[in-house]
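Observations on chain architecture
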Amino acid sequence: MTLQSLFPHPIIQGPMAGGCTTPALIAAVSNAGGLGSMACSLLAPDAIRRQVADTRQLTDKPFMLNFFVQDPPHPSAEEVARAVKLLKPVWSSLGWSELALPFKWCEDFAAQFAVLLELKPAVASFTFGILSAAQVQQLHAAGIYVIGTATRVDEALAWQNVGADAVIASGTEAGGHRGTFIGDQRDATLDALALLKAVVAEVTIPVISAGNIMTGADVRDRLNLGAAAVQMGTAFLVTDEAGIHPAYKHRLQIAGNAPTRLTRAFSGRYARGLVNRFMEQMEAVEDQLPPYPVQNALTGPIRFEAAKRGDTELMSLWCGTGVARARRMCAAKLVETLVAEMAGHRSIN
Ligand SMILES: Cc1cc2nc3c(=O)[nH]c(=O)nc-3n(C[C@H](O)[C@H](O)[C@H](O)COP(=O)(O)O)c2cc1C
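Read on for a plain summary of the structure. On a predicted model such as this, the values are computed, not experimentally measured, just so you know.

Below, the discussion takes up the pairing of strand 3 (residues 63-68). Among the 6 residues that make up strand 3, 6 are buried, leaving the element largely enclosed by the rest of the structure. Of the two faces of strand 3, the one carrying Phe63, Leu65 and Phe67 and the one carrying Met64, Asn66 and Phe68 are both buried. Where strand 2 (residues 36-39) lies against strand 3, 4 bridges are found, and the strand directions are parallel. The partner of Gly36 across the bridge, within strand 3, is Phe63.

Moving on: the pattern of salt bridges. On inspection of all chains with the given rule, the structure shows 16 salt bridges. The closest approach of N and O atoms between Asp60 and Lys61, which form a salt bridge, is 3.6 Å. Residue Lys61 is classed as partly exposed on the basis of its relative accessible area of 41%. Where Lys104 meets Glu107, a salt bridge forms, and the shortest distance between an N and an O atom there is 3.1 Å. According to the relative accessible area criterion, Glu107 is buried, its value standing at 14%. What you see here is one network of salt bridges that share partners, running through Asp46, Arg49 and Glu118.

What follows concerns unusual backbone geometry. Following Tyr292, the chain continues into Pro293 via a peptide bond in cis, with omega recorded as 5 degrees. Checked against the element boundaries, Pro293 lands in the loop between helix 13 (277-282) and helix 14 (294-309). Residues other than glycine seldom take positive phi values, yet Phe128 does so here, at roughly 75 degrees. By the secondary structure assignment, Phe128 is in the loop between strand 4 (123-127) and helix 7 (133-141). Phi at Asn212 is positive, roughly 60 degrees, even though this residue is not glycine. Looking at the element boundaries, Asn212 is found in the loop between strand 8 (207-210) and helix 10 (216-224). In this structure Asn212 comes out as partly exposed when scored by relative accessible area, which is 26%.

What counts as what
- Residues numbered from 1 in each chain as written.
- Predicted model: local features only at pLDDT ≥ 70, side-chain atom pairs only at ≥ 80, totals over all residues.
- Heavy atoms only, no water.
- Buried < 20%, exposed > 50% of the residue type's maximum accessible area, 1.4 Å probe, protein only.
- Helix = DSSP H or I, 4+ residues; strand = E, 2+ residues; numbered from the N terminus.
- Pairing = 2+ DSSP bridges.
- Salt bridge = Lys/Arg side-chain N within 4 Å of Asp/Glu carboxyl O.

What follows is the structure, given as structure tokens:
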């Protein structure tokens, strides 16, 4: 099975956790000839089964399931208490006298992996960590095409070594979380073009470029640099079918030159989004926060309450540096537009 044989247009709608990737979005992209993808990391096994069934009602084309490779954390009571205290300026601003603690820190990846083998989507992708060669073989035995995420060249080589079929080269411009799993997240500093060129030079498997791809001309440029396909997140985040809060979508549409930056304030892992009050209030203590998923689970009730109130200053407004170029339309129209632009674009290389 080759990447090109799975979907006609070299455009992947990036997985986006937090309810963004609705069955309607995934199916619209796959039906239009791209590859739709479902972010499964925050979903329990039954929710994954339900969303896959709903998506299969809407398309018979291939789509991708995406997961965070992670082990359950075991923070000490002191670590949790310290993190809650560091967050106090934010949760007390909501009028709360305490922060409710979560029932669990994250979903069980082993259980999600079992569901993945059971559901057998055409494609699965992974981030935040790496599978073992044995896990990749299990996926292959189930007929699943395996894609890893890399933010550095050695991560791309590591995915190739465990038998991945393709690798996503995710530059620093990309919206949402950095997938870094080798070394300090702050050391994965290559932008999308530099990373693409470096990874293409080192690996033999297909490379998918991600980060600041907003138009068909951008897609064509990445293909000219050796990418087999592109993965786009922010561009799809403003489409009609993306399941984000309307106030968040509106902030993206009016972003203009509003700055984005990487922060670990919301989740404990560096992620890119529009700068807002939450990020600014936590900036001074960012280095002291517990790692993902503990910080992510602790800030869950704050973000949930902010969404209820429509307060974008306390939501995580994940998006990439290309947000000013995002165009509101339906997802099928976006794929069609990108394909038309790709055909019309003449490379200057
Ligand atoms: C809101 C949001 C959530 C994301 N969640 C995930 C995720 O769950 N898994 C993943 O592999 N990538 C995730 N990403 C990364 C995207 O799939 C994609 O690679 C990235 O957005 C590409 O960069 P761009 O935003 O500049 O297009 C997310 C991105 C955004 C904006």
